Amino acid sequence: MQGKVYKSTGSWYVLKTSDGDTWNGRLKGLFKIDDITSTNPIAVGDDVAFEPENEEESTAIITAIHDRKNYINRQSPSHRNQHHIVAANIDQSLMVVTLKEPRTSQGFIDRFLVTSEAYHVPAVLLFNKSDLYRAKEEARFEEWKAMYEAVGYRVFRMSALTGEGLEEIKTLLAGNISLLSGHSGVGKSSFLNALYPEWRLKTQNVSGWSGKGTHTTTFAEMFDLPGGGRVIDTPGMREFGLVDITRQELSGYFPEMRALAGHCQFNDCLHLEEPGCSVKKAVQEGRIAADRYVSYCAILASI
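The following paragraphs examine the structure supplied in this document. Just so it is clear, the model here is predicted, and its values are computed rather than measured.

1. Describing the overall build of the protein chain
The secondary structure content of the protein chain amounts to eight helices and 13 strands. Expressed as a percentage of its 303 residues, the buried residues of the protein chain come to 50%. Relative to all contacts within the protein chain whose residues are 6 or more apart in sequence, the contacts with residues 24 or more apart total 63%.

2. Concerning helix α8 (residues 290-302)
End to end, α8 covers 19 Å across 13 residues, agreeing with the expected 18 Å (1.5 Å per residue, within 8%). Every buried residue of α8 is accounted for by R292, Y293, S295, Y296, I299 and L300. Looking straight down α8, one finds its buried side chains confined to an arc of 160°; they lie on one side. Every exposed residue of α8 that faces more than 90 degrees away from the buried side is listed here: V294 and A301.

3. As for the pairing of strand β2 (residues 12-16)
Here β2 shows a clear split, with Y13 and L15 buried on one side and none of W12, V14 and K16 buried on the other. Where strand β1 (residues 2-8) meets β2, four bridges bridge the pair, whose relative direction is antiparallel. Looking at β2, one finds that S8 is bridged to Y13. The hairpin formed by β1 and β2 contains three residues between the paired strands, and G10 there has a positive phi angle of roughly 100°. Inspection of the sheet shows β2 paired to strand β3 (residues 22-27) by five bridges, in the antiparallel sense. Of the residues in β3, the one forming a bridge with W12 is R26. Remark: five residues form the turn of the hairpin made by β2 and β3, two consecutive strands paired antiparallel; G20 in that turn has positive phi of roughly 95°.

4. Examining unusual backbone geometry
Cis geometry is adopted by the peptide bond preceding P102, which originates at E101 and carries an omega value of -10°. Positive phi values are uncommon outside glycine, yet S58 reaches one of about 55°. Within the element layout of this structure, S58 appears in the loop between β4 (47-54) and β5 (59-65). The class for S58 is partly exposed, based on a relative accessible area of 25%.

Basis of the calculations
- Residues numbered from 1 in each chain as written.
- Predicted model: local features only at pLDDT ≥ 70, side-chain atom pairs only at ≥ 80, totals over all residues.
- Heavy atoms only, no water.
- Helix = DSSP H or I, 4+ residues; strand = E, 2+ residues; numbered from the N terminus.
- Buried < 20%, exposed > 50% of the residue type's maximum accessible area, 1.4 Å probe, protein only.
- Contact = heavy atoms within 4.5 Å.
- Expected span 1.5 Å × (residues − 1).
- Arc of directions from axis to C-beta.
- Pairing = 2+ DSSP bridges.

Shown next as structure tokens:
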């Protein structure tokens, strides 16, 4: 039988067939997928083959994982030298960003965008909690919106509380498999509840002492959207660790730098101190945002 993985709880996987039947599947023995040493061999979004084990209890044994169209990967939160596949076979990756309570850093956004570029998944930025904006946040939003749109990313402004922008985002989700991610506390579950109240997803307030949110979603889970499409809600993240990206490759995942590839004096230019660097020239001339270049340098230093 064939199914799609809707939820993973570590050892059990919730599978759904095209008829809408749900099974609890598990892996039998060790399962090695071509050279992927991740903490989770199967991810939400994977298409699998399975054999029923106990029809009454709807349990099954997963026998094969079909080829992935793509997947999003990040550093495993618990094992720094291993990676964790967040989701597979997705059409777009949406990051929920907040400018206050909690504040999402530009570095976090850019790491997310680099990962999306590396795995060929179109990325979209959703700025939530617009109801909290004062003059400072309004200015920051307009600045970041202009900066990211200039590079080719779609940027939306919304409020799960007042409903601003939600209809537009509903259209964006329709018919697609969308991955939803962001810091803990940015309002991913509140956003989904505002769109689809019947889901009644658990939400929590931002924990006051740290300004970082608390985790309400503990495992990634996929939901069917009314009228077609699916959304994958993921646990809130404190940081977005990159994996398998070399210093040499990094600039290729910044679209504005990729456009200048081959124009530097040296083929292996890292766009730092090298003479004849087309990227640094573009930054000086204002064709590349200085903030994006600073972000690139910070990520480069961390690799």
